[in-house]
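Notes for the structure review
So you can see what is in the structure, the chains are spelled out below.
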Amino acid sequence: MRKIIYSLITLLFVVSCENSNSHDSEKEKFINDLISKMTLEEKAGQMNQYNGFWDATGPMPEGDYQKKRYNELMNGQVGSMLNVIGVDEIYALQKIAVEETRLGIPLIFGHDVIHGYKTIFPIPLAESSSWDLDLMEKSARVAATEASADGLNWTFAPMVDISRDARWGRVMEGAGEDPYLGSLVAKARVKGFQGTDLSEINSIVACAKHFAGYGFSEAGRDYNTTDFNHFTLHNTIMPPFKAAVDAGVRTFMNSFNTLDEIPATGHIHIQRDILKGDWDFDGFVVSDWGSIDQMIPHGFARDGNHAAELAVIAGSDMDMESSLYVSKLVGLVNSGKVDINLIDDAVKRILRVKYELGLFDDPYKYCNNERSIQELGSDQNMQVALEAAKKSIVLLKNNNQLLPLEKEGKKIALIGPLADDKNSPLGNWRSQAVYNSATSVLEGMNKYKGNRIVFEKGVELYYGKTNFHNRVKLNYNDRSDFGKAKLAAATSDVVVMVMGEEGHQSGEGRSRTNIGLPGLQFELLKEIYKINQNIILVVMSGRPLDLSWADKNIPSIVQAWQLGSKSGDAIAQVLYGDYNPSGKLTMSFPRNVGQVPIYYNFKNTGRPSTSIEQVTNSGYADVVNSPLYSFGHGLSYTNFKYSNLTIDSGELDYNSKINISVKIENTGFFTGKEVAQLYIRDIVGSIARPMKELKGFEMIELAPGESKVVSFEIDSSLLEFYTYENKWEAEDGKFHAFIGTNSDVSDYKEFHLVK
Ligand code: GLC
């Protein structure tokens, strides 16, 4: 019965998709002509994607599978490859597809260009902390230029998963916990990758992933079950995906997790009803690595045949590395289990994107070695990476104005296992970065000649070479270098300690239950503190770490993430004040892992807690509810004073606008940037509403003594949410509007939305 309903639903959608999306009749005519010539085997082949011969980013099959795959490629039964690297390799495979198969349909080549290709940018979570949307678009554009120059035409990015759980290693790939900011970042990155014209040589197809809810993996354990209600789905998880569609993203990737107990890969409602139906998406959906086959261990499919049937009915158009579409779809159609219209719809979506890329006009357009040599790692691209790195740094604490460092006459002890590390700053998902190619903090600081820098590693963080697949081997017992570090600290004016995570300690499959400083670093930090309290802690990580002890004892703390190729230069320029830090956190930093998941846009509950002394309120006995550092937190070397919060009316209707403004003054001694944030609280709703929601922000730059009035326009569209009636709409009632330097802001103005 279920299958009959599915077939009817999908048939209706297939027909509607045809009618509503064939904007470009020439394109659609070409596609329809081509598909009319294709055999069922060739159609199934277009829906089949194999990994290339470069580093696999998932589990490869056992045995000698290469010959079988080569034959399928020759027979036109491969539509796409991933992780094929370099113009020559891509050209060779494209030549087979175009010149040796019956119809010569070009391949589309995908790869994870997540934060740069050869020039590596800050990990996305870091870059989102810049709140600079133009910058994020620009860095995606550079990444697209490099990747396309090396033969690629599709990136599996942007990852737009909202996540509130620092235990989940993949928070490094996203833009943090907020759907409003996450939506704007998704849009910027899609525009950066795809440009204004997909057929343009520097453009590559973007991919909004992982659809949907992967960031809510229970307990932060990767690939785990999720459990959230459909209001969370629509109000928190979906907005960045919808923003990507509105920005013109041409592909989606679904996710490993279940939602509503159904694997996303087999989830008709999100893929057909919402994405291809409500949102009118006419690109294609690729499964995640092996996720079709993984519906068997999920307990949702009996076997490969059943998994392929469920996935294609649910709207998964391309099979990444399950080999099930190429092997099962012909039989499923011939046995009447799968309607040929579903296959045709999927194939047309794939051909449509290939057409938009211009691959049918010139399948070798991306294969130009000269362009590759010219573009990859160019000085111009590296300058963009340096700008992005500087803007992504967040100053968490700076007591006693220990920062910025004086530029001469001081003896500085530079201590920590990441101080000379040229590898970890590249982070995970580093694509074609050369191992150990990042500038280290030591190299960056040595460019400033006025002080004496004494470097001592103090402790090894890890052993051996790390990569996408291996566990990082941490040092838990060798303290033999502590002594030299302590001596350096004892004889220096100030100590800069560079600690945190190795570059492959976050990313896919990198969930951690302990989010403290890994290995023996915490021990070393406390030992050094006993000797010299003038410590600046520079933290490199792919996620929020537990910095509670440091916050209590260390005067200055800088969150330096994994900043990419120009990491050391950026950090040195910030430490010396040549760049006044302007970053703001896009993910809350917990006081300890027990608080996780933790986020600023929480619900009040019926018993809100204001003190840990309260027993029967929603709080803990041992720690306050607030995070250590809040969403939107980030200091500057100067100070900004907010005053004169003003709203021009206390009443708004569905056709009017009101203005809220605040005066911001630079009361310090440095020119600095400030991101003023607008938050709105809906006091009463048809469902419980968050305490605050980001609804706007503006970055300003002020010289010492300068002030500016920042204002935001509020209309009813800003107040819309997915209501109890399952509609996106605003509801009458009372609202509070805040403008502040972070989400802790408490001063507000009240207004009412009235019919
Ligand atoms: C991985 C990831 C996905 C990536 C894909 C291809 O398993 O989940 O984000 O794009 O496989 O590498």
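Bear in mind that the values here come from a model prediction, so they are computed numbers and not experimental data. (Residues numbered from 1 in each chain as written. Predicted model: local features only at pLDDT ≥ 70, side-chain atom pairs only at ≥ 80, totals over all residues. Heavy atoms only, no water.)

1. Overview of the layout of surface pockets
- In this model, the second largest pocket occupies a volume close to 960 Å³.
- Lining the second largest pocket are 34 residues, and of these F602, S609, N625, S626 and M691 lie nearest its centre. (1 Å grid on protein atoms, 1.4 Å probe; cavity = no way out; pocket = protein on both sides within 12 Å on 5 of 7 lines; lining within 4 Å. Points joined across faces, edges and corners; volume = space filled by probe spheres on them.)

2. So, unusual backbone geometry
- Cis geometry marks the peptide bond from A157 to P158; its omega dihedral reads 10°.
- By the secondary structure assignment, P158 is in the loop between β4 (154-155) and α8 (179-194).
- The step from V596 to P597 runs through a cis peptide bond, and the omega angle for that step is 5°.
- On the secondary structure map, P597 appears in the loop between α21 (567-575) and β19 (640-647).
- A positive phi angle is found at A219, which is not glycine, with a value near 65°.
- Mapped onto the fold, A219 is located in the loop between β5 (207-211) and α9 (230-237).
- Backbone geometry at Q401 places phi at a positive 50°, although glycine is not the residue there. (Helix = DSSP H or I, 4+ residues; strand = E, 2+ residues; numbered from the N terminus.)

3. Brief notes about the sheet that holds strand β27 (residues 733-740)
- One open sheet holds the five strands; their spatial order is β20-β28-β27-β22-β23, and the pairing between them is mixed. Of all the strands in the sheet, just β20 (651-652) and β23 (693-702) have a single pairing partner and so form its edges.
- When β27 meets strand β28 (residues 748-753), the two strands line up antiparallel, connected through six bridges. Residue pairing for β28: F735 is matched across the bridge by F751. (Pairing = 2+ DSSP bridges.)

4. Description of the packing of α9 against helix α10 (residues 239-246)
- Taken N-terminus to C-terminus, the directions of α9 and α10 make an angle of 50°; their axes are 6 Å apart at the nearest point. By the angle between their directions, the pair α9 and α10 is classed as oblique. Within the contact between the two elements, α9 uses L233, H234, N235, T236 and I237 and α10 uses P239, P240 and F241.
- Looking at the contact of α9 with α10 residue by residue, the class counts come to five nonpolar, three polar and no charged. (Axes fitted to C-alpha atoms, helices over the stretch in contact; angles between N-to-C directions. Parallel < 35°, antiparallel > 145°, perpendicular 65-115°, else oblique. Contact = heavy atoms within 4.5 Å. Nonpolar A, V, L, I, M, F, W, Y, C, P; charged D, E, K, R; others polar.)

5. What to know about the sheet that holds β19
- The strand order across the open sheet built from three strands is β19-β21-β24, with neighbouring strands paired in antiparallel fashion. The open sheet has two edge strands with one neighbour each: β19 and β24 (707-715). Between one strand axis and the next, the sheet turns through 20° on average, direction left out of account.
- Note that β19 and strand β21 (residues 657-666) share six bridges and pair antiparallel.

6. Considerations on the site of the ligand
- Not every one of the 14 residues close to the ligand is listed here, only the nearest: T57, D112, R170, H210 and D288.
- Between R170 and the ligand, the recorded distance is 2.8 Å, taken from a side-chain N or O atom to an oxygen atom.
- Within the side chain of K209, one N or O atom sits 2.8 Å away from an oxygen atom of the ligand.
- For the ligand, whose free accessible area comes to 310 Å², the fraction covered by protein is 99%. (Near = heavy atom within 4 Å. Polar contact = N/O pair within 3.5 Å; in protein donor to acceptor, adjacent residues only side chain to side chain. Areas by Shrake-Rupley, 256 points an atom, 1.4 Å probe, with all protein chains shown as cover.)

7. Here we look at the environment of F455
- Turning to its location among the elements, F455 is positioned in strand β13 (residues 452-456).
- When its relative accessible area of 24% is taken as the criterion, F455 is described as partly exposed.
- For the pair formed by F455 and D420, sequence separation is 35 residues and the distance between their alpha carbons is 8.6 Å. (Buried < 20%, exposed > 50% of the residue type's maximum accessible area, 1.4 Å probe, protein only.)

8. A word on the pattern of salt bridges
- Enumeration over the complete set of coordinates arrives at 42 salt bridges.
- The closest approach of N and O atoms between D165 and R167, which form a salt bridge, is 2.7 Å. Across the pair, exposure class does not vary: D165 and R167 are buried alike.
- In this structure, the salt-bridge partner of R250 is D282, at a minimum N-O distance of 2.8 Å. Of this pair, R250 sits in the loop between α10 and β6 (251-254) while D282 sits in the loop between α11 (268-278) and β9 (284-286), and the two are 32 residues apart along the sequence. (Salt bridge = Lys/Arg side-chain N within 4 Å of Asp/Glu carboxyl O.)

9. Focus: helix α4 (residues 66-74)
- All of the buried residues in α4 are R69, E72 and L73. End-on view of α4: buried residues confined to an arc of 100°, all on one side of the axis.
- The inward-facing, buried residues of α4 abut β1 (48-51), α5 (87-99) and α13 (325-334).
- At the C-terminal side of α4, G76 shows a positive phi close to 70°. (Arc of directions from axis to C-beta.)

10. Quick notes on the side chain of N254
- For N254, the position within the fold is in strand β6.
- Overall, N254 belongs to the buried group, its relative accessible area being 0%.
- Engagement of the side chain of N254 in a polar contact is seen with the side chain of Q271, the distance being 2.9 Å.
- Here N254 is in contact with H210, F211, A264, T265, Q271, V285, V286, S287, D288, S291 and S316, once residues within four sequence places are set aside.

11. Comments concerning the packing of α8 against α10
- Relative orientation of the contacting elements α8 and α10 amounts to 30°, with a least axis distance of 8 Å. In terms of orientation, α8 lies roughly parallel with respect to α10. When you trace α8 past α10, the crossing you get is right-handed. Here P179, G182, S183, A186 and V190 of α8 lie close against α10, whose contacting residues are P239, P240, A243 and A244.
- By residue class, the composition of the contact of α8 with α10 is seven nonpolar, two polar and no charged. (Left-handed = near helix turned anticlockwise from the far one by under 90°.)

12. Remarks on the nonpolar core
- Core analysis: the biggest nonpolar cluster contains 186 residues, and F252 and M445 have the highest contact counts within it.
- The contacts of F252, once residues within four sequence positions are left out, are C207, A208, F211, F241, V245, L275, W279, F281, F284, V285 and V286.
- In this structure, I658, A676, I700 and I739 belong to the second largest nonpolar core, which totals 24 residues. (Core = buried A, V, L, I, M, F, W, Y, C linked by side-chain atoms within 4.5 Å.)

13. Observations regarding the confidence of the model for the chain
- On average, residues of the chain score 96 in pLDDT, and 97% of them are at 70 or above.
- Confidence over residues 16-22 falls short of pLDDT 50; this stretch has 11 contacts with residues more than four positions distant or in other chains. (pLDDT = per-residue confidence, 0-100.)

14. Details of the packing of aromatic side chains
- As enumerated under the stated definition, the model contains 30 aromatic pairs in all.
- Ring centres 4.9 Å apart and planes at 75° place the aromatic pair W168 and Y214 in the edge-to-face group. Of this pair, W168 sits in the loop between β4 and α8 while Y214 sits in the loop between β5 and α9, placing them 46 residues apart in sequence.
- Residue classification places W168 among the buried residues on the basis of a relative accessible area of 0%.
- Residue Y214 is classed as buried on the basis of its relative accessible area, which comes to 0%.
- With a centroid separation of 4.9 Å and 70° between ring planes, the pair formed by F211 and F241 is classed as edge-to-face. Taken together, the residues span a long stretch of sequence, with F211 in strand β5 and F241 in helix α10 at a distance of 30 residues.
- Using a relative accessible area of 1% as the deciding quantity, one classes F211 as buried. (Phe/Tyr/Trp six-rings, centres within 6.5 Å; stacked < 30°, edge-to-face > 60°.)

15. Overview of the environment of A243
- Inspection of the secondary structure puts A243 in helix α10.
- In sequence terms A243 and M699 are 456 residues apart; their C-alpha atoms lie 21 Å from each other.

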